[in-house]
Amino acid sequence: MTTNLATYSVVLTYSAMAVYVVAFISFALDMAKRSGEVTAAAKNAGADSDDAAATASVGAARSAKTVATVRGGTVVLEPVAAPPANAGGSAARGTKFERVGMAMTILALVLHVASVVLRGIAADRVPWGNMFEFSLTGTALITLIFLLVQFWQNLKFLGVFITGLTIILLGIATVNYWVPVVPLQPALQSYWLVIHVFVAIAGTGFFALGAGLAVAQLVQTYRQGRTASGKLRFMATLPDADRLEVLTYRVLLVGFVLWTFTLIAGAVWAERAWGRYWGWDTKEVWTFIIWVVYAGYIHARATRGWRGARSSWLALIGFAAVMFNFSVVNVFFKGLHSYSGL
């Protein structure tokens, strides 16, 4: 029974990867379509510039509204320009490729979560006891966070980054990290495994989202600094560089809070398991390094005025440290945290 469930979990994982690929292609086509629409709009604007200038005053008069204000006891009517005709148009609704990408991402996540659940049932424990299970659960949570954040802010333009990252990490996990279902090591048989590791995965999800926003901010800064360039035209449909930098900061602030709790919970668990809160184990050191990098990012931005490209580069350095901790420290460094199962 356990072997069958583990096998079904792998099948669902590969199925989810296939759907993620479809989502990735859809998001990529959405970027291409955005570029085409920006180019077409620029050409139409140039062709219609003379007509627009001739009818601007008439159109403004027809579309303007008036509001009454009181100044010194006198009622004054003031014109207020109406919103552009295309406000809330196709750009706000998104292209059909974007909608297909989001639908495929949701479908892939359903398959992905099902594979995680089956792996947990087969192991009769939480499914993050080794590198393969951590990768499986972590990528599912990254995608889930990406989808949930859409209720707060429209970040669908990060679909290419998130689905691409998920495909790469799942591919590495299934090829290099897969291990049969085995019981937990004694040191991991604690409720702190649920708390500490789950919060760490959630923090990593927000760090991944922040890294995607930081990349977008750097690309937008490059494009805005070269207004005459015809490259990267799809970026014209994204928020400007300043807005992207603010979104990066807000997302990473959530990730930093979760990572702080991860560090504290890990210390408490270490005291329960080994009788000391801190022992300079390699995993502990790198967890602290990641915390320091993001603390430096938040401090530099809030008090030293590090905005724009500099803060985005620092955010990417932090995510690079997260990926190094995940892919190198967990696999090649030996210590008390050597639970990769490889």
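Figured I'd write up the structure that's included with this text. Predicted model, so just to flag it, every value in this text is computed and none were measured.

About the cut-offs
- Residues numbered from 1 in each chain as written.
- Predicted model: local features only at pLDDT ≥ 70, side-chain atom pairs only at ≥ 80, totals over all residues.
- Heavy atoms only, no water.
- Axes fitted to C-alpha atoms, helices over the stretch in contact; angles between N-to-C directions.
- Helix = DSSP H or I, 4+ residues; strand = E, 2+ residues; numbered from the N terminus.
- Left-handed = near helix turned anticlockwise from the far one by under 90°.
- Contact = heavy atoms within 4.5 Å.
- Nonpolar A, V, L, I, M, F, W, Y, C, P; charged D, E, K, R; others polar.
- Parallel < 35°, antiparallel > 145°, perpendicular 65-115°, else oblique.
- Buried < 20%, exposed > 50% of the residue type's maximum accessible area, 1.4 Å probe, protein only.
- Patch = residues over 30% accessible without salt bridge, like charges linked within 9 Å, V, L, I, M, F, W, Y side chains within 5 Å.
- Areas by Shrake-Rupley, 256 points an atom, 1.4 Å probe, with all protein chains shown as cover.
- Salt bridge = Lys/Arg side-chain N within 4 Å of Asp/Glu carboxyl O.

1. Quick word on the packing of helix α7 (residues 192-224) against helix α10 (residues 309-332)
And then number 1: Relative to each other, α7 and α10 sit at 145°, their axes nearing to 9 Å. The way α7 lies across α10 gives a crossing that is left-handed. From α7, T204, F207, A208, A211, A214, V215, Q217 and L218 reach across to α10, where they touch A309, S312, W313, A315, L316, F319 and V322.
And then number 2: Per-class residue counts for the contact of α7 with α10 are 12 nonpolar, three polar and no charged.

2. Structural notes on the environment of V254
And then number 1: When you line up the elements, V254 lands in helix α8 (residues 241-274).
And then number 2: Sequence separation between V254 and A202 is 52 residues, and the spatial gap between their C-alpha atoms is 9.6 Å.

3. Quick notes on the packing of helix α6 (residues 159-177) against α10
And then number 1: Taken N-terminus to C-terminus, the directions of α6 and α10 make an angle of 10°; their axes are 13 Å apart at the nearest point. Viewed along their axes, α6 and α10 adopt a mutual orientation that is roughly parallel. Contacts from L165, L169 and Y177 of α6 reach α10 at F319, M323, F326, S327 and V331.
And then number 2: Of the residues that constitute the contact of α6 with α10, the class distribution is seven nonpolar, one polar and no charged.

4. As for the environment of W306
And then number 1: Checked against the element boundaries, W306 lands in the loop between α9 (282-303) and α10.
And then number 2: W306 gets classed as partly exposed once you look at its relative accessible area, which sits at 30%.
And then number 3: Setting aside anything within four residues of it in sequence, one finds W306 in contact with E245, A300, R301, S311 and L314.

5. Looking at a nonpolar patch on the surface
And then number 1: A cluster of nonpolar side chains, Y277, W278, W280, F288 and V292, forms an exposed patch at the surface whose accessible area comes to about 560 Å².
And then number 2: Following the sequence through the fold, F288 ends up in helix α9.
And then number 3: Residue class for F288 comes out partly exposed when judged on its relative accessible area of 34%.

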